[in-house]
Amino acid sequence: MSSFRDREIASLAGPALFTLAAPPLVALFDVFIAGRLGTGQQAGLAVGVAMLGFLLFSTNFLEYGTTAVVAQRLGAGDVRGAKRAGAAAAGAAVAIGVVMSIVVWLAADWLMSAVMRAEGATASEGAEYLRLRMTSAAPFLLLRAGNGWFRGRGNTLPPLAVSLAMSGLSVIAAPILAFGLDGLDGLGLRGIAIAAAGAEFLGALALFSLSWRDGQRLVNSETAPSAHGWG
């Protein structure tokens, strides 16, 4: 029995771990790309990523709260309640993300100078990067809600697949947009930000579609998961 539980935990934790590990690895690749652009862009990326991480870290509650509520509802046999919780999380993700995008767009310069203590080109590059990255705040939070839904369902493979696809797309697009291709001028640090934001938009669309279909199938079947695995 213990070995079975160990395998079950590993089947959930393994994909979840790699899902969490993919974005930092992509960020390291972005740092490498920015280093090839110049020290000013690399410094701008550093302060922009630091500020971005601080802002988005405050939204962890959305992912883990969704996991807990969905798991609790499903464990109690309330399938429709679980789907309503997932839908509420998605709505909250979009609303919070839009507000964050607007606020950061207006306050990016102040955040760089007053909070990050950046100056000159570093501050301007960091502010521009932060503005572009935060345009995908709503998709990023929607990804968090989708991760929470699937974790609550006890299935961490769909978020892993979406995370790997997003990471691959960002890694391919970032150098192309930053340096240019076939005579097209590169966008520099803006290209790196656009690549990451674009990948998050597509990833959020994919994961939302998967989670919505999964919830719809669950409700249509009117069959709650067995007690197995919820203990």
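Whatever comes next refers back to the structure up there.
Not measured: the values here are computed from a predicted model. (Residues numbered from 1 in each chain as written. Predicted model: local features only at pLDDT ≥ 70, side-chain atom pairs only at ≥ 80, totals over all residues. Heavy atoms only, no water.)

### Thoughts on the packing of aromatic side chains
What characterises a pair of aromatic rings is the spacing of the ring centres plus the angle enclosed by the ring planes. Evaluated as defined, the whole model comprises one aromatic pair. Seen from the ring of W212, K83 lies directly overhead, with NZ or CZ sitting 3.8 Å from the centre. Over the ring of W105 we find R131; its NZ or CZ atom is 5.9 Å from the centre of that ring. (Phe/Tyr/Trp six-rings, centres within 6.5 Å; stacked < 30°, edge-to-face > 60°. Lys NZ or Arg CZ within 6 Å of the ring centre and 35° of its normal.)

### Brief notes about the pattern of salt bridges
For the structure on display, the rule yields seven salt bridges. R131 is paired through a salt bridge with D109; the nearest N and O atoms lie 2.9 Å apart. Note that R131 is positioned in helix α5 (residues 120-134) and D109 in helix α4 (residues 79-115), a separation of 22 residues in sequence. Between E128 and R190 there is a salt bridge, with its nearest N and O atoms 3.7 Å apart. Separated by 62 residues along the polypeptide, E128 in helix α5 and R190 in helix α8 (residues 189-221) bring together distant segments of the chain. Residue classification places R190 among the partly exposed positions, given a relative accessible area of 37%. Ionic contacts of the salt-bridge type, sharing partners, join the residues E63, R144 and R151 into one network. (Salt bridge = Lys/Arg side-chain N within 4 Å of Asp/Glu carboxyl O. Helix = DSSP H or I, 4+ residues; strand = E, 2+ residues; numbered from the N terminus. Buried < 20%, exposed > 50% of the residue type's maximum accessible area, 1.4 Å probe, protein only.)

### Some remarks on the layout of surface pockets
Approximately 850 Å³ is the volume attributed to the largest pocket. Around the largest pocket sit 32 residues that line it, and P23, P24, R133, F140 and E200 are the ones nearest its centre. Per element, the largest residue contribution to the lining of the largest pocket is eight residues, and it comes from helix α1 (residues 2-37). Here the lining of the largest pocket is composed, by residue class, of 20 nonpolar, seven polar and five charged. (1 Å grid on protein atoms, 1.4 Å probe; cavity = no way out; pocket = protein on both sides within 12 Å on 5 of 7 lines; lining within 4 Å. Points joined across faces, edges and corners; volume = space filled by probe spheres on them. Nonpolar A, V, L, I, M, F, W, Y, C, P; charged D, E, K, R; others polar.)

### Some thoughts on the nonpolar core
Of all hydrophobic cores here, the largest spans 39 residues; its most connected members are L55, M112, L130 and M134. When contributions to this core are tallied by element, the ones reaching two or more residues are α2 (39-57), α3 (60-75), α4, α5, α6 (137-153), α7 (157-179) and α8. The leading source of residues in this core is α4, at 11 residues. The contacts of M112, once residues within four sequence positions are left out, are V47, G48, M51, R117, A118, A123, G126, A127 and L130. Core analysis: the second largest hydrophobic core is formed by eight residues, I33, A34, Y129 and A193 among them. (Core = buried A, V, L, I, M, F, W, Y, C linked by side-chain atoms within 4.5 Å. Contact = heavy atoms within 4.5 Å.)

### So, the environment of E125
In this structure, E125 sits in helix α5. Between the C-alpha atoms of E125 and G48, which are 77 residues apart in sequence, the distance is 8.1 Å. Discounting chain neighbours no more than four positions away, the residues touching E125 are G40, Q41, G44 and L189.

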